[in-house]
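Summary of the model geometry
Below are the chains, spelled out letter by letter.
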Amino acid sequence: MKPSKTFGLGLLIIICNGIPANAQSISGVINSYYQVTAINTASNTVTVSNSSGLTPKTRVLLIQMKGATINGSNSASFGNITAINNAGNYEMNTICSVSGNDVVMQYQILNAYTTTEPVQLVTVPSYQSVTISDSVKSTPWDATSHTGGIVAIEATDTIYLNSGIDVSGQGFIGGALRNYAAPTYDCSWTVNVTAYYFPFPTSTYQNGGTKGEGIADYILNEEYGRGNLANGGGGGNNQNTGGGGGGNYGTGGVGGQRTHETPFDCHGTNPGLGGPGLSAYGYSVANNRIFLGGGGGEGHENNAVGLPGGNGGGIVLLSAQVITAGGTSILANGARPYNAALTDPYQASGDGAGGGGAGGTVLINALTINGSINISANGANGGNSSYPFANACMGPGGGGGGGIIWVAGASFPATINPSVLGGQNGVISPSNTFGCAGSSNFAAPGNNGNAQPNYVLPASTTQVCVPLPIPGLQYFTGSLTNSGAVLTW
């Protein structure tokens, strides 16, 4: 082999591999998600449960989804965040090399992460220019694998939004249905169920709906009842009260009470509380953390006709020099409580209704935005309720809190039409004629979120590893001969 040809071929491969794809079209699920099991800052290595599909030079988003510490006392303080810890920390990076399940990062890892809590590594497709030709979405957040719920796209030039992006309802999961059927579980007109948490199973009167998921872990034997779980809404207490709405930037609304029963019927005066807003814990240049929308709490169910909590909205991150659109939409809304087994799947028909999911998070890191983009991170409406008999009015669900739209630049662009509304509380069905039709039964809407400028994408510029020029090249050697240099790989 002639040394000059060997050297020239090596250069050709390096140059060609560095040319980004031009004007590609994408749709569907375009990110991949990996559970992080360890991070070694000394070696700048992220360990994942399974590295299949990860290759050098792939752009990635490292993010911690949960990990806040909450008050666990049986009091009105239950679920309040006492320490944010590393929840919400995130950054962009590039894979330098992969060995087994160890992934070496090209740039120094910026933030601290707690891998005993849910941390994920998300691949970020990177292009010169790319066209979204049909709807893009994420894999929904999975509470078991602790992955999903995020769409992230990067372009060195332009992202063309010819179609939309939708991560609505793909965030934290609403409180699941849990039926407390008599006679195992019952209620008493002499007992007012006031606790903020319960275990399951329980017995007799002391029970409540499932709390919605938030940025803190469930506490063992405290998964049910009216106390919120960080930004997850609380479940309605026995009997038949509504669940609280999830929170994100905006706070979720409290669920509705059971009313209009006779003095000797069961009472429900303690609905689920709404998840608090997270604006004090992130969403600023000084404290750049982001979160999924919180799940709504379940309405209390004892007749198997209730509504669960709605899921929160997911996260969207777009990073490019230019984003061009023509009135297309980016959606990160919370989801309404839904039960497919009911005649009206959005209305409990003899039980409490669930709270709405909170709006998610949309991040736009672009110098220029051409055309108009409709972006919404709205909280979802709480579930409605009804009762086929004329002796009580069951609790509707609270509305989900609004999410956040955060955009680079000193002012919010006029080309973006933002919507970050809190969801409306549910109401009693008009078919209820017992003096409460159309009533909220004290359920409350969620608070609005925020649309703000000054977004900065966290990404280190300190390079600690250089990826080899082609993925198949593991190493090379060089030697001098009389004819020149010979490279062997």
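Up top you'll find the structure we're talking about.
A few points on the structure. What you are looking at is a predicted structure, and each value in this text was computed from that prediction instead of being measured. (Residues numbered from 1 in each chain as written. Predicted model: local features only at pLDDT ≥ 70, side-chain atom pairs only at ≥ 80, totals over all residues. Heavy atoms only, no water.)

Details of the pairing of strand β11 (residues 150-161)
Within a regular strand, side chains alternate between the sheet's two faces. What counts here: With a 1.4 Å probe rolled over the protein chains alone, any residue whose accessible area is under 20% of its type maximum counts as buried; one over 50% counts as exposed, and the rest are partly exposed. We count a stretch as a helix when DSSP gives it H or I for four or more residues in a row; a strand needs E for two or more, and each element gets its number in order from the N terminus. By definition, two strands form a pair when at least two bridges between them are found by DSSP.
For β11, a buried count of 9 out of 12 residues is recorded, marking the element as mostly surrounded by other parts of the structure. Bridge count between strand β10 (residues 126-137) and β11: 6 bridges; the pairing is parallel. Bridge pairing links tyrosine 127 to alanine 155 in β11. Direction of pairing for β11 relative to strand β13 (residues 315-325): parallel, over a ladder of 9 bridges. Of the residues in β13, the one forming a bridge with leucine 161 is alanine 325.

Some remarks on the nonpolar core
Filter applied, for reference: Residue types Ala, Val, Leu, Ile, Met, Phe, Trp, Tyr and Cys, when buried and joined through side-chain atoms within 4.5 Å, form a set referred to as a nonpolar core. Whether two residues touch is decided by their heavy atoms; if any such pair falls within 4.5 Å, the residues are in contact.
Tyr90, Ile150, Ile215 and Leu317 are the most contacted members of the largest nonpolar core, which totals 33 residues. If you list the elements that add at least two residues to this core, you get β4 (59-64), β7 (90-99), β11, β13 and β19 (404-407). When neighbours within four sequence positions are excluded, isoleucine 150 is seen to be in contact with Asn31, Tyr33, Leu61, Ile63, Met65, Gln120, Val122, Ser138 and Ile315. Counting 31 residues, the second largest nonpolar core, distinct from the first, contains Ala155, Leu161, Ile364 and Ala366.

Things to note about the state of the cysteines
Quick reminder of the rule: By disulfide we mean two sulfur atoms from cysteines, separated by a distance within 2.5 Å.
For the structure on display, the rule yields 3 disulfides. Sulfur-sulfur distance for the disulfide between cysteine 393 and cysteine 436 comes to 1.8 Å. The sign of the -85° torsion about the S-S bond sets the cysteine 393-cysteine 436 disulfide as left-handed. Residue cysteine 393 is found in the loop between β18 (384-386) and β19, and its partner cysteine 436 is found in the loop between β20 (416-419) and β21 (450-452); the two are separated by 43 residues along the sequence. Each member of the pair, cysteine 393 as well as cysteine 436, carries the same accessibility label: buried. The connectivity of the disulfide bonds within the protein chain can be written as 1-6, 2-3, 4-5, using the sequence rank of each bonded cysteine.

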